[in-house]
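# Structure assessment
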Amino acid sequence: MKKLLTSILILCTSTLVLGQTGECGTVNTAADNEIIRQFIASAKTNNLNKALGDTIVPVKFHIISYSNGASAIDSTSVFNELDLVNAYFTNAGIEFQHCGAIDYIYDDNYAYFEKYTDEVICDANDIVDVLNIYFTPYIYKVSGVDTTSLCGYAYTTSLTKNRILMKNSCAVNGSTLPHEIGHYFSLAHTHSTSSGDELVNGSNCVTAGDQLCDTPADPTLSTSIVNSSCIYTGTAQDANGDFYNPEARNIMSYSRKSCRTLFSPQQYARMNTYLLNYRNYLVCPSFVSVKENDNEIRFSIAPNPTLGEAFILIENNLINAQYSISDITGKLICSNKVKQKKINISEYINQTGVYFISITTPAGVITKKLIKQ
């Protein structure tokens, strides 16, 4: 089936061989909903919605392409998208940092990625306790005789499958990656009906829809009922006969992708609580937050991005510290002892691209990204 479909797609990529183009392949099962319901109840009982604080979430990019390297997504574009994601998630007290170098997977068998079936490649390449994000030229799901193209999908409650799958053409549009990460941190679609249909008057907002009361009831948005000014133009009514008035800019909706630019305050609070109390195991094995007196690692890189010179600026006294520079492929460019608080690294970044700067002490490692333009 997969070989036949792949051959057809190679010949007919501009046709409707895949059927309708799907938005999001994330599906919450009844078991998922029960886990989230229990978690929400526990969070409320124990008053876990504390003030938001920055928490590092490690991510690992896996770029899938054909065996010859064709159709691989541009690495700079995905790092730029990660910067945008960080801007969206700062109000949730979350900062995403890339864990090590990008993992490149050159394999024709996974360029047309079948949902679930092809996750054997993920099982083999996932970094444990890190959010693994896979970028592949195509994602599709097969249901009987129907085949549907997907933009991406995520796992909402699994503690072992810390992964998101992204179709390249959707991955850097400014809203699909934040959408899937929202699922990973427990958010449902604003039009979700798995817990019942939410009423426009908000009387059942705690238990129905996405179970959040500051995201208005949503009849399932689409480009046909949201205009280019991001205004809902539909005329659907709920069970009471009330007309829907959804938020067409919410990232967890099916609105136009260019319109999806915000999370609600309750969505931010939910994600922060879910991270701190459900996904608090996430850690990158290559960097550990170091906070031990004078050994605390505090440094910056400036200017960043840079057109020419760049400096590592050490903000405290580091004992037995080393700095290292790697390129986007993970190749080590240099490794030296920290001898002063301002280190000129310009000679090591003589080509345009993305670099990783690491400071290492006996207590741990911190890695930051530098962009050379």
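Attention here is on the structure that accompanies the text. Remember, predicted model here, so these are calculated numbers, not experimental data.

What follows is about the environment of I225. Inspection of the secondary structure puts I225 in the loop between α6 (176-184) and α7 (265-277). Through-space distance from the C-alpha of I225 to that of S255 is 8.4 Å; in sequence the pair is 30 residues apart. Setting aside anything within four residues of it in sequence, one finds I225 in contact with T220, I231, Y232, T233 and G234.

What follows is about empty space enclosed by the protein. Under the definition given, this model contains 2 cavities of 30 Å³ or more. Looking at the largest cavity, its volume works out to about 80 Å³. Contributing to the lining of the largest cavity are N28, N33, I36, S186, A188, S192, S194, S195, G209, D210, Q211 and R270. Considering only residue class, the lining of the largest cavity consists of 2 nonpolar, 8 polar and 2 charged. Of the voids in this model, the second largest cavity is the one considered here, and its volume is about 40 Å³. In terms of lining residues, the second largest cavity is bounded by T190, T215, P216, D218, L221, P246, E247 and N250.

This brings us to the layout of surface pockets. The calculated volume of the second largest pocket comes to roughly 280 Å³. Contributions of two or more residues to the lining of the second largest pocket are made by α3 (75-89), β2 (94-98) and β16 (364-372). Residue composition of the lining of the second largest pocket, by class: 4 nonpolar, 4 polar and 4 charged.

On to the sheet that holds strand β6 (residues 138-143), then. Taking strand neighbours across the sheet as the criterion, the 3 strands line up as β4-β6-β7 in an open arrangement whose pairing is mixed. Looking at strand neighbours, the two that pair on one side only are β4 (112-114) and β7 (146-149), the edges of this open sheet. Sheet twist, expressed as the mean angle between neighbouring strand axes with direction ignored, is 35 degrees. Note: β4 against β6, 3 bridges, orientation parallel.

The final tally for this structure, using the stated rule, is 4 disulfides. Across the disulfide from C99 sits C284; the S-S distance is 1.9 Å. Between C99 and C284, the S-S dihedral sits near 75 degrees, and the bridge is therefore right-handed. Pair noted here: C99 is in the loop between β2 and β3 (103-106) and C284 is in the loop between α7 and β10 (299-302), with a separation of 185 residues, a long-range link. A relative accessible area of 1% means that C284 is categorised as buried. Disulfide pairing is shown between C151 and C170; the S-S distance is 2.0 Å. Between C151 and C170, the S-S dihedral sits near -55 degrees, and the bridge is therefore left-handed. Of the two residues, C151 sits in the loop between β7 and β8 (152-154) while C170 sits in helix α5 (residues 168-171), which places them 19 residues apart along the sequence.

This paragraph deals with the pattern of salt bridges. Two side chains carrying opposite charge are able to pair once their charged atoms lie near each other. Counted under the stated rule, the structure contains 7 salt bridges. With a closest N to O distance of 2.9 Å, D123 and R163 form a salt bridge. Here R163 lies in strand β9 (residues 163-167) and D123 lies in helix α4 (residues 120-125), a separation of 40 residues in the sequence. Residue classification places D123 among the exposed residues on the basis of a relative accessible area of 52%. Classification of R163 by relative accessible area gives buried; the value is 2%. The partner of R163 in a salt bridge is D126, and the shortest N-O contact between them spans 2.7 Å. On the criterion of sequence distance, the pair formed by R163 in strand β9 and D126 in the loop between α4 and β5 (131-136) is long-range, its members being 37 residues apart. The exposure class of D126 is buried, given its relative accessible area of 19%.

So, about the sheet that holds strand β14 (residues 342-344). Strand order in the open sheet formed by 3 strands is β10-β11-β14, and the pairing between neighbours is antiparallel. Each edge of the open sheet is held by one strand with a lone partner, namely β10 and β14. Each adjacent strand pair in this sheet contributes to an overall mean axis angle of 20 degrees, direction not counted. Alignment of strand β11 (residues 311-314) against β14, held across 3 bridges, turns out to be antiparallel. Bridge pairing links F311 to N344 in β14.

Rules behind the numbers
Residue indices follow the written sequence of each chain, beginning from 1 at its first position. Restriction of local features to residues with pLDDT of at least 70 applies here, the model being predicted, together with a cutoff of 80 or more for giving and counting side-chain atom pairs; totals for whole chains, interfaces and linings are based on all residues. Heavy atoms throughout the structure, all of them, feed into the side-chain values; hydrogens and water do not. Starting at the N terminus, helices and strands are each numbered in turn, a helix being any DSSP run of H or I of at least four residues and a strand any DSSP run of E of at least two. Whether two residues touch is decided by their heavy atoms; if any such pair falls within 4.5 Å, the residues are in contact. Here a cavity is any set of points on a 1 Å grid over the protein atoms alone where a 1.4 Å probe fits but cannot get out, and a pocket is any open set with protein on both sides within 12 Å along at least 5 of 7 lines; a residue lines the site when it has an atom within 4 Å of a point. Grid points are joined across faces, edges and corners, and a volume is the space filled by probe spheres set on the points. Polar here means any residue other than Ala, Val, Leu, Ile, Met, Phe, Trp, Tyr, Cys and Pro, which are nonpolar, and Asp, Glu, Lys and Arg, which are charged; Gly is therefore polar. A strand pair is defined by DSSP finding two or more bridges across the two strands. The axes are straight lines fitted to the C-alpha atoms, using for helices just the contacting stretch, and the angles between their N-to-C directions are given from 0 to 180°. When the sulfur atoms of two cysteines come within 2.5 Å, that pair is taken as a disulfide. A simple rule labels every residue: compare its accessible area, found with a 1.4 Å probe on the protein chains alone, to the largest value its type can have, and call it buried under 20%, exposed over 50%, or partly exposed in between. Note on definitions: salt bridges are taken to be side-chain nitrogens of Lys or Arg within 4 Å of carboxyl oxygens of Asp or Glu.

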